[in-house]
Amino acid sequence: MRFSPKKFFVSNSFTRKLHKGYLYVFLLPSLGFIVVFFLIPVILTFLIGLTKMDYSFRWDWIGLGNYIYILRDKWAYKILGNTLFYVFTTLAFFNVGMALFISIATTHINDKIGSIFRSIWLLPRITPSTVYALLWLWAARGEANSLFNWLTSIFGLHPIDWKLTYPWLLVILVNGFVGTSFGMIIFTAALKSIPEDYIRAAKVDGASTLQIIRYVELPLIKWPLLFVTAYQTLSLLTSYEYILLVTDGGPGLYTTEVWALYSYHLAFAQYGGIVKFGYGAALATILVIIGLIMSVIYWKVFRFRELMVEPKIEV
Amino acid sequence: MRRGQLNLISIALLIIGLIIGGVIGYLLAPRPAPPEEGKLQALMQENEELRAKVNELLQKLKPGEIKVTVWTIGPDPPSEYRLKNFFIAADMLNSWLKMLGANVTIKVEGEFYVRPVEWGEYKNKFYLAYKAGEAPDIYLTGHEDIGFLAENGYIIPLDDYLEEYWDVIYYDIFPTLWDAVKYKGKIWAVPQDTEARPMYFRKDVLRALGWSEEEINELPKKIQSGEFTLYDLLKLAQEAKDAGLVERGVLHRVKEGYDYFQFYLGFGGKLWNPETGKMVFVKSAWEKTLKWFYDAVYEYNVISPNQFSGDWDKDFHLPFTQGKALFLSGGTWHKGEWIQKGLLTEDEFYDNIGYALHPAGEPSMKPVTLSHPLVYTITGLAKDRGVADVAFLLITLVTDPHINSYHSVQSAHLAILRSQVSDTRYMQDQFLHDVAYMLDYTTFIPNHPKWGDYSRIVYNILRAVETGDLGPEEAYNTLLDEIQSTLGDAVEILP
Amino acid sequence: MRIVPLLKNSIVYIILLLVTLPIILLYTLLFLQSISVNLNGVIPNGFTLDHWSILSTGNIRVPGTTTQYYPNLYLVASNTFILAVIIAFTEVVLSSLAGYALSRYKFAGRSQILTLTLILHAFPGITLLIALFYVLNALGLYNSLIGVVIVKVALDLPLGIWIMKGFFDGIPWDIEMSALVDGCSRLGAWWRVIMPNVRNGLMAVLIFGFLSGWSEFIYVLTFIASQDYWTFSMFVYALTTGEYSYINPGITATVAIIYMIPVIIFFLFAQKYLLRIQIAGKSTV
């Protein structure tokens, strides 16, 4: 059925025009960018992780010294625990949980109203991070007239400083409200592509809405569910921008510090300017390796390619 | 090369110009007795020679503009004269050049960083910009960085310049400040300012506690004599808090910094050994310091467990200026900020706020304060660009009692020059006069390339103590362990 | 009989509304903050347009200083705009070129490049910050908007290439063939025949690139030293976190709203592209 380029090349008299010379015009710029600013940095990250580089920019090789230090680093364990807690809580409650709820709820109500709700959930995602963080910081302020305290005062509660009292709650809310949209869109698309007949048949059999969701819809979106979970795990694991903006790892010592933020802090945020590029890069290397492994897994397991080729899903 | 020559020439011109001026002034000044015939002759001749030299140099001089870049930081906005003084200096220089008929102008370009840019970011920017060749010619930094900067070729030694121009102004700088800018036997920077870190207290709260005016005024002296200790401070703060007079007892800075070392010093700690050049860790002093912080938060409830994560305004400036806290461990420059920001008027400040040294830890110990002189350095890039000479000339001009006082008075920093103390602006400032004695009790931070690590480890541990993540003993063990494993030989452990 | 489903439905509506309420309130808050003297929760205390007067000069002063230490609002706006536009156009050009090559040409290494781009697409570029900084420094691009542009483009490209390849795959070969037969060069055919057919893809990549550049924060924070090159993200960050939070929140809100303008425009008028990007797009969270 499909046009075969190979046949075309052999048989067509316009072969000259299809000369591969153009190929490089098309491809090289992008490849250049990707090699210099993607592949080389990956290699450099590994290499810097083997040194104790600081602002002297000297390559003082110390082998696996940094990795041994990670094992001895008292705070690394706390931060690892924080990271796992952050990733799984945000994932469970928002990136998958809330996303699933929103997409199921909005596909079972009036379609127009449903899509309005989904649009609203898209807003945090496209809002610049600094503005978005600012909104939450304002809402969570300790003053009695801040949004949270104003709301809780309706129930007669005293004003508190939310950032200091419940830092994790704030971190998870901030990230969760951004993170929901990805899963929401994918789930909604998957739900909408379920043939009407399946639902109708279940209804005829006397299934309730909840039963339809549980026994018809959920099994059918198993793959998207798995995909979103895996994909967002990696995203959350390496994300730190919002935490940096909202709590900066505080309050207290590394209370909400996550692995990626720790690496950032060591490399770029030292009060005395005594940075640790080497140690920071070693921490980052661990994330890079996890990232590479998971990317390969997506590619193998989730037939990523198909998902990518057909992004034309209208929600 | 051409640039470098140009600069040298312009400097020479200036110096010559100044000498001519001096000679002329000397000649014109009325004198009781006319100088001897021969001497006058000699002076006249010297004058002529200098004139000829100037003209010769002027002819060689290529017209143009010499640009010098300066980076400075507050981060407190009132310290803006750290940069502005260079504009004043450049104006002076340009008018002199014009008087001499030189077709050369000096242009100063610079940045003055204020918060939210903090020291860490400022230093990052310098190092990174240096690598990119975009760092300034003159770089203001804390003296403790000199070791690192010098070791890695970021700055140039200034001994030759200082020797040559010592008599112009540099002899006037307090000798202790020169100690702060020496590293491995050379001088690497020129002091810009210094300060003390007082323990501020609210007089009105003490009045409400029933203290007489006399008792209140005695407090700084009691602290100075070591009679009033850090634990007395906790007790007093607790008393005020229990009486409902204040919401918070003691405030300290909310972000990383060096101020915390004052408590360690108060408990008999030492920061470095000038003989070996190594940093010092006094075990007993750290043990007591950590215990004190723990007690302050959990026994006396006068420091908030989240003080380290607080906001500069909400958890530091405002509670104190509004009288909702009794003590504030601050710096002289905070007075400048309160006045400049309009949080307090001068009258309100003197009426309600007192200031003393940081108390001694125990009665047998000494009260302390900490100074952190900021210094101007000349970067290696300035040398490459051939403007190091002009840069030094500008630094020489801003190191002037009158010009430096613009800065010290507005921002409440202390004098660096002996003659500055009698500068009219400086003299009028009551506060600067009152705190001057504190410099007798001060300590500098070590000029050690690894100082930043020491400071960071201490900060982390103190933060963990306040938040309750670590108990005082556990914290002490962790601190000792981290200091030893990270700094190794660079630090001497004393009992 | 009809009451039950209605009730069920309204419970769903109420829950949906409750979970969505924080978003609605946050953005309402931002808007009200910019036009109120003071806010109590979301209840304004007095209406004012004073905060918007910063638009007249673009200067925002730090209290306690006599000099202007924040860059001018309009300088910041134009920096941000330039950054976003260059990023958007570079991404469109490069990804449509590469996407076309990967869709139409058969050559050694094609499948390797495809795999690589895919893996990179899922790979979190933010973990490379230290190394990227090293590379930029080596190239002398530290402290320049161009440095940020290049890093952003490189990290966004894999996504753009995949979006564009998808669109090219969807165009039948016949269209291109007939152009070639009519005497177009390959490049000419690509430009005149193919490109108009992938307009939607180009729009998606363009909007994605623009928003990605417009919102960028971490790379600007890390790779830009001079205030002359500040973008809105740095500006809002400065106004939010400074010790001198004496900057009236109304002014901060006003700046934030100005910063949000393109976002709001795209949100209202180009949602189908946004959704497309969302699906294909690697999201940071």
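Residues numbered from 1 in each chain as written. Chains lettered and ligands numbered in written order. Predicted model: local features only at pLDDT ≥ 70, side-chain atom pairs only at ≥ 80, totals over all residues.

Enquirer: Got a minute to help me understand the overall build of chain C in this structure?
Expert: Secondary structure summary: chain C contains 13 helices and two strands in total. Residues counted as buried form 50% of the 285 residues belonging to chain C. For chain C, restricting intrachain contacts to residue pairs at least 6 apart in sequence, the fraction spanning at least 24 positions comes to 69%. (Helix = DSSP H or I, 4+ residues; strand = E, 2+ residues; numbered from the N terminus. Buried ≥ 20, exposed ≤ 12 C-beta atoms within 10 Å, placed from the backbone. Contact = placed C-beta atoms within 7 Å.)

Enquirer: How should I be thinking about the overall build of chain B in this particular structure?
Expert: Along chain B, the regular secondary structure elements total 22 helices and 16 strands. For 495 residues, the compact-globule formula gives about 23 Å, and the C-alpha radius of gyration of chain B, at 26 Å, lands near that figure. C-alpha atoms of chain B, sized along the principal axes, occupy 80 × 50 × 40 Å. Looking at chain B as a whole, 54% of its 495 residues are labelled buried. (Rg over C-alpha atoms; globule rule 2.2 N^0.38 Å.)

Enquirer: Is there a simple way to think about the interface of chain A and chain C in this case?
Expert: Reports of interface size often rely on the accessible area that becomes lost once the parts have come together. Contacts between the two partners involve 91 residues from chain A, matched on the other side by 88 residues from chain C. Here the element with the most residues in the side of chain A that touches chain C is helix 2 (residues 21-48) of chain A; it accounts for 17 residues. For the side of chain A that touches chain C, the per-class residue count stands at 66 nonpolar, 17 polar and eight charged. (Nonpolar A, V, L, I, M, F, W, Y, C, P; charged D, E, K, R; others polar.)

Enquirer: Help me understand the environment of Ile 161 of chain C, please; the structure alone is not making it clear to me.
Expert: Tracing the sequence through the fold places Ile 161 of chain C in helix 6 (residues 145-169). A count of 32 C-beta atoms within 10 Å places Ile 161 of chain C in the buried class. For the pair formed by Ile 161 of chain C and Leu 132 of chain C, sequence separation is 29 residues and the distance between their alpha carbons is 21 Å. Not counting chain neighbours up to four residues away, the residues in contact with Ile 161 of chain C comprise Ser 30 of chain A together with Ser 95, Ala 98, Gly 99, Leu 102 and Thr 117 of chain C.

Enquirer: Hey, could you run me through the sheet that holds strand 10 (residues 278-282) of chain B in this one?
Expert: Hydrogen bonds along the backbone pair up the strands of a sheet, which may run parallel or antiparallel. All names here are of chain B. Reading across from one edge, 9-10-16 is the order of the three strands in this open sheet, with mixed pairing throughout. Whereas interior strands pair on both sides, the edge strands pair on one side only; in this sheet they are strand 9 (272-273) and strand 16 (491-494). By the bridge criterion, two bridges tie strand 9 to strand 10 in an arrangement that is antiparallel. Bridging across to strand 10, Asn 273 finds its partner in Lys 278. (Pairing = 2+ DSSP bridges.)

Enquirer: I'm lost on the confidence of the model for chain C in this one. Help?
Expert: In low-pLDDT regions, the fine details of the predicted coordinates are not to be read closely. All names here are of chain C. Across chain C, pLDDT averages 82, with 90% of residues at or above 70. Element-level mean pLDDT values for chain C span from 65 in helix 13 (residues 271-280) up to 91 in helix 3 (residues 73-104). Per the prediction output, this complex has pTM 0.84; the corresponding ipTM is 0.87. (pLDDT = per-residue confidence, 0-100.)

Enquirer: What am I meant to see in the packing of helix 4 (residues 74-107) of chain A against helix 5 (residues 111-126) of chain A here?
Expert: Helices that pack against each other are described as a pair by the angle of their axes relative to one another and the distance between those axes. Residues and elements named next belong to chain A. In contact at an axis separation of 8 Å, helix 4 and helix 5 are set at 155° when each is read in the N-to-C sense. Taken together, the axes of helix 4 and helix 5 are roughly antiparallel relative to one another. You can see that helix 4 and helix 5 cross each other, and the crossing is left-handed. Note on element contacts: helix 5 touches helix 4 through Gly 114, Phe 117, Arg 118 and Trp 121, opposite Ile 102, Thr 106 and Thr 107. Split by residue class, the contact of helix 4 with helix 5 holds three nonpolar, three polar and one charged. (Axes fitted to C-alpha atoms, helices over the stretch in contact; angles between N-to-C directions. Parallel < 35°, antiparallel > 145°, perpendicular 65-115°, else oblique. Left-handed = near helix turned anticlockwise from the far one by under 90°.)

Enquirer: Just checking my understanding: could you explain the environment of Pro 472 of chain B for this structure?
Expert: All names here are of chain B. Its location among the elements puts Pro 472 in helix 22 (residues 472-487). Along the chain, Pro 472 and Lys 291 lie 181 residues apart, while their C-alpha atoms are 5.3 Å from each other. When residues no more than four places from it in sequence are discounted, the contact partners of Pro 472 are Leu 290, Lys 291, Tyr 294 and Val 465.

Enquirer: Please explain the packing of helix 15 (residues 277-301) of chain A against helix 4 (residues 110-122) of chain C as it appears in this structure.
Expert: Running from N to C, helix 15 of chain A and helix 4 of chain C point in directions that differ by 120°, and their axes come no closer than 8 Å. The angle between helix 15 of chain A and helix 4 of chain C falls in the class oblique. Like other packed secondary-structure pairs, helix 15 of chain A and helix 4 of chain C cross with a definite hand, here right-handed. Each of Ser 295, Val 296, Tyr 298 and Trp 299 of chain A in helix 15 of chain A lies in contact with helix 4 of chain C, whose residues at this interface are Thr 115, Leu 118, Ile 119 and Ala 122 of chain C. In terms of residue class, the contact of helix 15 of chain A with helix 4 of chain C is made up of six nonpolar, two polar and no charged.

Enquirer: Could you clarify how one ought to interpret the domain arrangement of chain B in this entry?
Expert: Residue and element names in this part refer to chain B. Looking at the assigned domains, one finds that chain B contains domain 1 (1-61), domain 2 (63-195 + 373-440) and domain 3 (199-371 + 450-494). Here the C-alpha centroids of domain 2 and domain 3 sit 30 Å apart. Contact with domain 2, which involves 19 residues of that partner, is made by 14 residues of domain 3. Of all the secondary structure elements, the ones that give two or more residues to the side of domain 2 that touches domain 3 are helix 18 (401-411) and helix 20 (430-435). It is helix 20 that provides the largest number of residues to the side of domain 2 that touches domain 3, a total of three residues. Class assignment of the residues belonging to the side of domain 2 that touches domain 3 gives a composition of nine nonpolar, six polar and four charged. (Domains from an automatic or database assignment.)

Enquirer: Teacher, can you tell me more about the pairing of strand 7 (residues 199-202) of chain B here?
Expert: A regular strand places its side chains on the two faces of the sheet in alternate fashion. All names here are of chain B. Alternating residues of strand 7 divide into Met 199 and Phe 201 and Tyr 200 and Arg 202, and every residue in both groups is buried. Where strand 7 meets strand 11 (residues 325-329), three bridges bridge the pair, whose relative direction is antiparallel. Pairing of Phe 201 across the sheet is with Phe 327, part of strand 11. Pairing of strand 7 with strand 12 (residues 353-356) involves four bridges; the strand directions are antiparallel. Opposite Phe 201, over in strand 12, you have Gly 354 as the bridge partner.

Enquirer: How should I be thinking about the nonpolar core in this particular structure?
Expert: Phe 327, Ala 391 and Leu 394 of chain B are the most contacted members of the largest nonpolar core, which totals 323 residues. Other than its neighbours up to four places away in sequence, Leu 394 of chain B contacts Val 68, Phe 86, Ala 89, Ala 90 and Val 108 of chain B. (Core = buried A, V, L, I, M, F, W, Y, C linked by C-beta atoms within 7 Å.)

Enquirer: In this structure, what is going on with the sheet that holds strand 7 of chain B? I would like to understand it.
Expert: Residue and element names in this part refer to chain B. Strand order in the open sheet formed by four strands is 8-11-7-12, with mixed pairing between adjacent strands. Here the strands that pair on one side only, and so sit at the sheet edges, are strand 8 (248-251) and strand 12. Going from strand to strand, the sheet's axes swing by 15° on average, the running direction of each strand aside. Along the sheet face, helix 13 (residues 313-321) touches strand 7, strand 8 and strand 11 and points at about 120° away from the line of strand 8.

Enquirer: Got a minute to help me understand unusual backbone geometry in this structure?
Expert: With the exception of glycine, most residues fall at negative phi, and the peptide bonds are largely trans. For the peptide bond that leads from Gly 74 of chain B to Pro 75 of chain B, omega is -10°, which places it in the cis range. Within the secondary structure layout, Pro 75 of chain B lies in the loop between strand 1 (64-73) and helix 3 (81-99). One non-glycine residue, Phe 57 of chain A, adopts positive backbone phi at about 55°. Position of Phe 57 of chain A relative to the elements: it lies in the loop between helix 2 and helix 3 (65-72).

Enquirer: Would you take a moment to explain the domain arrangement of chain C for this structure?
Expert: All names here are of chain C. Once the domains are mapped, chain C shows domain 1 (3-48) and domain 2 (73-280). The C-alpha centroid of domain 2 is placed 33 Å from the C-alpha centroid of domain 1. Taken residue by residue, the interface counts five residues in domain 1 and six residues in domain 2. Considering only residue class, the side of domain 1 that touches domain 2 consists of two nonpolar, three polar and no charged.

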